[in-house]
Amino acid sequence: MKRIVAVAIALAVVPLASAELYKYVDKNGKTVYSDQPPMDADAKRLSAPPPPASANGKSYVERDKEVEKGREKSREQAKKAADNDKVAQAKKERCDQAKSNLQIYIDGGRIMKTDANGERGYMSDEEIEAERAKMQKIVDEACGK
């Protein structure tokens, strides 16, 4: 039964595939294109134009694959750009935090510290200067200077 339906559909489509085109000039001098020849005018029979060939000779499937590759490449580039932005943002935040920590030691004053026993005390000038040098190295590394 399925074969009969398939054959019937194929036979119905065949006349459409071999459609003819006629060109003629009517009484008013206008050029007319039709799929049926006129009865009262001399018509020129035209063949259907071939499907347009692509400039590079590739089929639609090949061109579709190329377009999909281009889209995939664009997605990958967008993802890389987003990842690079995240890395740059994290680096900037690290740099800002390091500068903030350095500023504490630059401003000076009395700075509290907690020792190994958990007791709080003030840092000496030498300890502050050592921490300032240590923080400057961290800022240089974090900020790329």
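Just above, that's the structure.
Structure report, in brief. (Residues numbered from 1 in each chain as written. Predicted model: local features only at pLDDT ≥ 70, side-chain atom pairs only at ≥ 80, totals over all residues. Heavy atoms only, no water.)

### Remarks on the nonpolar core
Grouped together as the largest cluster of nonpolar side chains are 11 residues: Cys95, Ala98, Leu102, Tyr105, Ile111, Met123, Ile128, Met135, Val139, Ala142 and Cys143. Of all the elements in the fold, those that place two or more residues in this core are α2 (60-107) and α3 (125-143). In this structure Met135 touches Asn101, Leu102 and Tyr105, once residues within four positions along its chain are discounted. (Core = buried A, V, L, I, M, F, W, Y, C linked by side-chain atoms within 4.5 Å. Buried < 20%, exposed > 50% of the residue type's maximum accessible area, 1.4 Å probe, protein only. Helix = DSSP H or I, 4+ residues; strand = E, 2+ residues; numbered from the N terminus. Contact = heavy atoms within 4.5 Å.)

### So, the side chain of Ser34
Assignment of secondary structure puts Ser34 in strand β2 (residues 31-34). Of the polar contacts made by the side chain of Ser34, one reaches the backbone nitrogen of Gln36; its length is 3.1 Å. Those residues in contact with Ser34 that lie beyond four places of it in its chain are Glu20, Leu21, Tyr22 and Tyr24. (Polar contact = N/O pair within 3.5 Å; in protein donor to acceptor, adjacent residues only side chain to side chain.)

### Quick look at the state of the cysteines
Per the counting criterion, the structure on display carries one disulfide. Paired by a disulfide, Cys95 and Cys143 hold their sulfur atoms 1.7 Å apart. Its S-S torsion of approximately 100° makes the covalent link between Cys95 and Cys143 right-handed. Of the two residues, Cys95 sits in helix α2 while Cys143 sits in helix α3, which places them 48 residues apart along the sequence. A residue is classified by how much of its surface remains accessible, and Cys95, at 9% relative accessible area, is buried. (Disulfide = S-S within 2.5 Å.)

### Description of the sheet that holds strand β3 (residues 44-46)
Spatially, three strands are ordered β2-β1-β3 in an open sheet, and the strand pairing comes out antiparallel. The two strands at the open ends of the sheet, each matched to only one other strand, are β2 and β3. Adjacent strand axes in the sheet meet at a mean angle of 25°, parallel and antiparallel pairs treated alike. In this structure, strand β1 (residues 21-25) lies alongside β3, joined through three bridges in antiparallel fashion. Within the sheet, the bridge partner assigned to Leu21 lies in β3 and is Leu46. (Pairing = 2+ DSSP bridges. Axes fitted to C-alpha atoms, helices over the stretch in contact; angles between N-to-C directions.)

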